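# Examination of the molecular architecture
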Amino acid sequence: MSLVGWVHAVAAVAYLLTAVLVFWRGGQGSGPRALSLAALTTAAWAGLAAFADASGGAVAEDAARIAEAARSFGWIALLIAVASSFIGRTPALWRYLGVAAVALLAAQAALAAAPNGEIVAAAGYLLAIGLAVIGLMTIENVLRNLSQSQLWALKYLLVALLALFILDFVVHSVVFLFRQENDAFVAARGIVTTALIPLILVSAIRNPVIAVNIHASRGVVFYSATLIASGAYLIVTALVGTYVRTIGGQAATALSLVVVALALIGLVLALLSRTVRSAIKLFISQNFFSYRYDYRMEWSRLTNTIASDNEVVDLHARVVKAAAELLDSHAGSLWLRSADHGGLSYSAGWHFRTGVTVLPESDPVVAALESQPAVLNLADPATLGELTGADALAGWRSAVPDLWLIVPLTHRDRLIGILALSRPRVPRDLGEEDYQLFRLIGGQIAGYIAEEMTYRALMEARQLEEFNKRFAFVIHDIKNLTGQLSLLVRNMEKFGDDPAFRADLSATLRNSVDKMRALLEQLSAKRLAKAEMKAENKAPVRHEDLVRLVRDFTGGWSAGEHRIVVSARADSVPVQLPSTEKLTNVLEQLVQNAIEATPAGGVVTITVSDKGGRGLIEVTDQGPGMDAEFVRNELFRPFRSTKGSGFGIGAYQARETVRQLGGALEVDSAEGHGTTMRIALPLAVAPRVVPA
């Protein structure tokens, strides 16, 4: 089998696979079936042509001519059917062309029964030329009857059939005129026919009438197109190098190497150029896909870019970057509402610098987008409306060099900002699909920014709440210190001449000053951060003896007219205690509250014991007590107090502190019977003794 036979055999296999693919992935309508039938008749023609080349029989040649006529009729019928569905009718001329094609097909079949001879052969070639002419006429008339948008879905099929029918016309005209087939022309027709399959499939994917569900990712198409273009470029380079070497004389080798080297450098630079990549992507999206964007991929990239945890680039800069990359814009900026300056202030940019930081509320663009949010394209005056004047856009042009696109960011019908993009690397015309996408993206970005603003406001409110909480605790502790100092003042009138009392007074005052200084430092954010860091590091829990701790505490306590009695029911009560200072502060609060609740001359009892795996400190007063409902619902709520001069946060603060120590604060109280506040802490586990 010659080259002609092999070429047509490959074409037969390729079109057979195409027919199967279209039949498998196409819908149930007439469009996919007509395309599948046309591809199948083309496969039959190519296969019979290969068989005729291998066998050399007249019957095979006649069958190949009939199959070729059926192939031409199949493509003509497909084109008329698809174009008719687009315009909603079938023009009379198209019907006449279809009838003529059927007649020529029937005539070609009838010639197969006639005796072989030069006249019959010439008639067969004339019929083939006639079918090619009918095909070209159909293409020309379809082109004149379709609109620009309809032509978009059919242009690749039209180009493929135009090439097919022109080759048929040339090949059969040469044979008819010179009575001899040109094997180079015939082989070329087989190769080109096979190469037309991608154009046919692209048109089938884009055409809603055929609607073949074949998906190739844009990445695959991009890299395939780049590879094909690079291969064609290298072939041209090789041809130029060969030509230079042929005519270059003595310097032929050097000149050809220079040409190849420069071509390779140019190819590498082109492959590394973002502008070239943008141009290729734009060409592919506009010509090979029904939609300009792969929405799943673009949306995923947008959300991943915005949501990425990048400590170097903040959210606002990531927002600009994500939007700019979507349209291959080389720069962009984000402008947000400013409560301080009014209008919009510059927030972040990507490859962007500006000397303007604030655009006033009275700016025409801001006012227009407030009333009617819409994407503004400075390259398309139709989108600008009343902003077409030079003065209306003067502020934005001075703030954003090379301004191209203005995207409003609206959240809950309120303009919270504007996204401004510079011109893309490759000029592009935007359609309704682009504007709809950016309206959607603008709303998504506005949601992210509004969420971030809400989060910042919440964090600031929490910081203020934490500060207020610490301030309330500090005020309460200062109140307790004031109570202690007031007691010292009263006792000083009675015992001021006693040297021991004065020494105790000096120590108590020094201790009170140190405590007040420590309390004020608690309001410092830096000190709080250090304390939190220390807490996160989880300092090792120490073992403390509650009996010793309580005795040390009461030894330096001056109760004035009250007596403090310590009752230890065990020699030692070791507990696990992260902070002795915090427990001492809780004891001060509880004892001070007990003294204030107990009448003058009364007794405050501190009992230390262990029970049920817990170390207990019980502070019992002889006050009026509290009812069960108050203990259950009010005692530990902030700003609830039974004392007229109290702040109502002592019990709450004490409970929270004991919880931080890993324990619990319990209450036993009844009206007329006093109150017992019980601190329960986990007992220390005794170390295991390993026998020697």
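Described in the following lines is the structure provided in the data block. None of these values were measured; they are calculated from a predicted model.

## Digging into a nonpolar patch on the surface
On the surface, a cluster of nonpolar side chains totalling about 530 Å² of accessible area is made up of V133, M137, L162, I166, F169, V170 and F185. Looking at the nonpolar patch, the elements with two or more residues in it are α5 (118–145) and α6 (148–178). Here F185 lies in helix α7 (residues 183–195).

## Description of the sheet that holds strand β5 (residues 403–411)
With respect to topology, 6 strands assemble into an open sheet ordered β3-β2-β1-β6-β5-β4, the strand pairing being antiparallel. Each of the sheet's edge strands pairs with one partner strand only, and the pair in question is β3 (358–359) and β4 (376–377). Of the strand pairs in this sheet, strand β2 (residues 344–350) and β3 are connected by 2 bridges, and their pairing is antiparallel. When the sheet's bridge partners are listed, S345 is paired in β3 with V358. Along the sheet face, helix α13 (residues 315–326) touches β1 (332–337), β2 and β6 (414–422) and points at about 65° away from the line of β2. In the packing of helix α14 (residues 364–371) onto the sheet, contacts are made with β1, β2, β4, β5 and β6, and the angle to β6 comes to roughly 125°.

## Some remarks on the pairing of strand β13 (residues 675–682)
Of all 8 residues in β13, 7 are buried; the element is thus mostly enclosed. Pairing between strand β11 (residues 614–620) and β13: 7 bridges, direction antiparallel. Across the sheet, G615 pairs through a bridge with L681, a residue of β13. Taken together, the 6 bridges between strand β12 (residues 664–669) and β13 define a ladder with antiparallel strand orientation. Looking at β13, one finds that D668 is bridged to T676. Taking the residues that link successive antiparallel strands as the turn, the β12-β13 hairpin has 5 residues, and the phi of G672 there is positive, at about 85°.

## Brief notes about the nonpolar core
Of all hydrophobic cores here, the largest spans 42 residues; its most connected members are Y15, W75, L154 and L161. Looking at this core, the elements with two or more residues in it are α1 (3–25), α2 (30–55), α3 (58–87), α4 (92–111), α5, α6 and α8 (197–206). The greatest single-element share of this core, amounting to 9 residues, is contributed by α3. When residues no more than four places from it in sequence are discounted, the contact partners of L161 are W75, L79 and I139. Judged by nonpolar contacts, the second largest core, of 35 residues, contains L546, L587, V658 and L661.

Rules used in this analysis
- Residues numbered from 1 in each chain as written.
- Predicted model: local features only at pLDDT ≥ 70, side-chain atom pairs only at ≥ 80, totals over all residues.
- Heavy atoms only, no water.
- Patch = residues over 30% accessible without salt bridge, like charges linked within 9 Å, V, L, I, M, F, W, Y side chains within 5 Å.
- Areas by Shrake-Rupley, 256 points an atom, 1.4 Å probe, with all protein chains shown as cover.
- Salt bridge = Lys/Arg side-chain N within 4 Å of Asp/Glu carboxyl O.
- Helix = DSSP H or I, 4+ residues; strand = E, 2+ residues; numbered from the N terminus.
- Pairing = 2+ DSSP bridges.
- Contact = heavy atoms within 4.5 Å.
- Axes fitted to C-alpha atoms, helices over the stretch in contact; angles between N-to-C directions.
- Buried < 20%, exposed > 50% of the residue type's maximum accessible area, 1.4 Å probe, protein only.
- Core = buried A, V, L, I, M, F, W, Y, C linked by side-chain atoms within 4.5 Å.

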